[in-house]
Amino acid sequence: MAAVYGPIECPLKAQLSDRAIVRVDVKGASSTVARSSKWLEKYFRESFEPVIATRMFPRGAIVIALQVMEDDGSVLATGINAGMMALVDAVVPLRSIVCASSVAMNSNHTLVLDPTQAEQSEAVVHATFAFESGRGLLSCKVCAYGKNTQ
């Protein structure tokens, strides 16, 4: 689930004089999401910041709240897609649109699109790609697991 608040007034100590700040808050029911929430927040913020027209709102803030209801795999791609849909729904000015997809490769060298948690745990490689409309690849996160791939 995703929600966008803003542009809103930013606290004085966090203000930037030339643009709005983008803050992402990630909450989750699972302990995995809770342990990695700071890393997820940074990853999502770095995916959204380049496409939001932050210079239109100096000294402001745009807050993206992501709630992970259930972690059945592909959390990064799902979070990026949900956050982008919330930004569009909130009519936040954007330079372009971002979409994301996950893919995993199992030990048989078979690719699985949008893998579940079970498929991710069996994979030797798992990757999440975020694409920006009109520009191509925005970010890529690859996890290679130490399993025998021969």
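So, a few notes on the structure that sits alongside this text. Only a predicted model underlies this, so the values are computations on that prediction, with no experimental measurement involved.

**Some points on the overall build of the chain**
For the chain, the helix and strand inventory stands at 4 helices and 7 strands. Overall, the C-alpha framework of the chain stretches about 55 × 35 × 25 Å when taken along its three principal axes. Within the chain, contacts between residues at least 6 apart in sequence are counted, and of these 66% link residues at least 24 apart. Roughly 8,600 Å² of accessible area belongs to the chain as shown, and the carbon and sulfur atoms make up 55% of that amount. The average position of the 14 basic charges and that of the 14 acidic charges among the side chains of the chain differ by 10 Å.

**Quick notes on the nonpolar core**
If you look at the biggest cluster of nonpolar residues, it comprises 25 residues, and the most contacted ones within it are Phe-44, Phe-48, Ile-52, Ile-64, Ile-80 and Leu-87. For this core, the secondary-structure elements that each account for two or more residues are strand 2 (21-28), helix 2 (37-48), strand 3 (60-68), helix 3 (75-89) and strand 4 (98-105). The element best represented in this core is helix 3, accounting for 7 residues. In this structure Ile-64 touches Ala-3, Val-4, Val-22, Arg-23, Val-24, Asp-25, Phe-48, Ile-52, Gly-83 and Leu-87, once residues within four positions along its chain are discounted.

**So, the layout of surface pockets**
Its boundaries defined by the atoms lining it, the second largest pocket holds a volume of some 230 Å³. As for the second largest pocket, its lining consists of 16 residues, and the residues nearest its centre are Val-68, Glu-70, Val-75, Thr-78 and Gly-79. Residue assignment for the lining of the second largest pocket shows that the elements contributing at least two residues are strand 3 and helix 3. With 4 residues, the top contributor of residues to the lining of the second largest pocket is helix 3. For the lining of the second largest pocket, the residue count by class is 8 nonpolar, 5 polar and 3 charged.

**Considerations on the sheet that holds strand 2**
Read across the open sheet, the 3 strands follow the order 1-3-2; overall the sheet is mixed. In the strand order of this sheet, the two ends are held by strand 1 (2-9) and strand 2, each with one partner. In this sheet, adjacent strand axes meet at a mean angle of 15 degrees when their direction is disregarded. Examined bridge by bridge, strand 1 and strand 3 share 6 bridges and lie antiparallel to one another. By the bridge assignment, Ala-3 is partnered in strand 3 with Ala-65. Packed onto the sheet, helix 2 meets strand 2 and strand 3 and runs at close to 140 degrees relative to strand 2.

Thresholds applied
Each chain has its residues counted from 1, running along the sequence as written. In view of the model being predicted, local features appear only for residues whose pLDDT reaches at least 70, and side-chain atom pairs are presented and counted only at 80 or more, with totals across whole chains, interfaces and linings using the full set of residues. The side-chain quantities take in all heavy atoms of the structure and omit both hydrogens and water. The helix and strand labels rest on DSSP assignments: H or I over at least four residues marks a helix, E over at least two residues marks a strand, and numbering proceeds from the N terminus. Contacts between residues were defined by any pair of non-hydrogen atoms, one from each residue, lying within 4.5 Å. Every accessible area reported is derived by Shrake-Rupley at a probe size of 1.4 Å, with residue values counting cover from the shown protein chains alone. Under the convention used here, Asp and Glu are negative, Lys and Arg are positive, and both His and the chain ends fall outside the count. Where a charge lies is defined by one atom per residue type, namely NZ (Lys), CZ (Arg), CG (Asp) and CD (Glu). For our purposes a nonpolar core is just a set of buried Ala, Val, Leu, Ile, Met, Phe, Trp, Tyr and Cys residues, chained together by side-chain atoms within 4.5 Å. Note on classification: 1.4 Å probe, protein chains only; a residue is buried when its accessible area is under 20% of the maximum for its type, exposed when over 50%, partly exposed between these limits. As defined here, a cavity is a set of points on a 1 Å grid over the protein atoms alone where a 1.4 Å probe fits but cannot get out. A pocket is an open set with protein on both sides within 12 Å along at least five of seven lines, and residues line them when an atom is within 4 Å of a point. Grid points are joined across faces, edges and corners, and a volume is the space filled by probe spheres set on the points. Under the scheme applied, nonpolar residues are Ala, Val, Leu, Ile, Met, Phe, Trp, Tyr, Cys and Pro; charged residues are Asp, Glu, Lys and Arg; polar residues are all the others, including Gly. When DSSP finds at least two bridges between two strands, those strands are taken to pair. Only the stretch in contact is used when a helix axis is fitted, and all axes are lines through C-alpha atoms; the angle between N-to-C directions ranges over 0 to 180 degrees.

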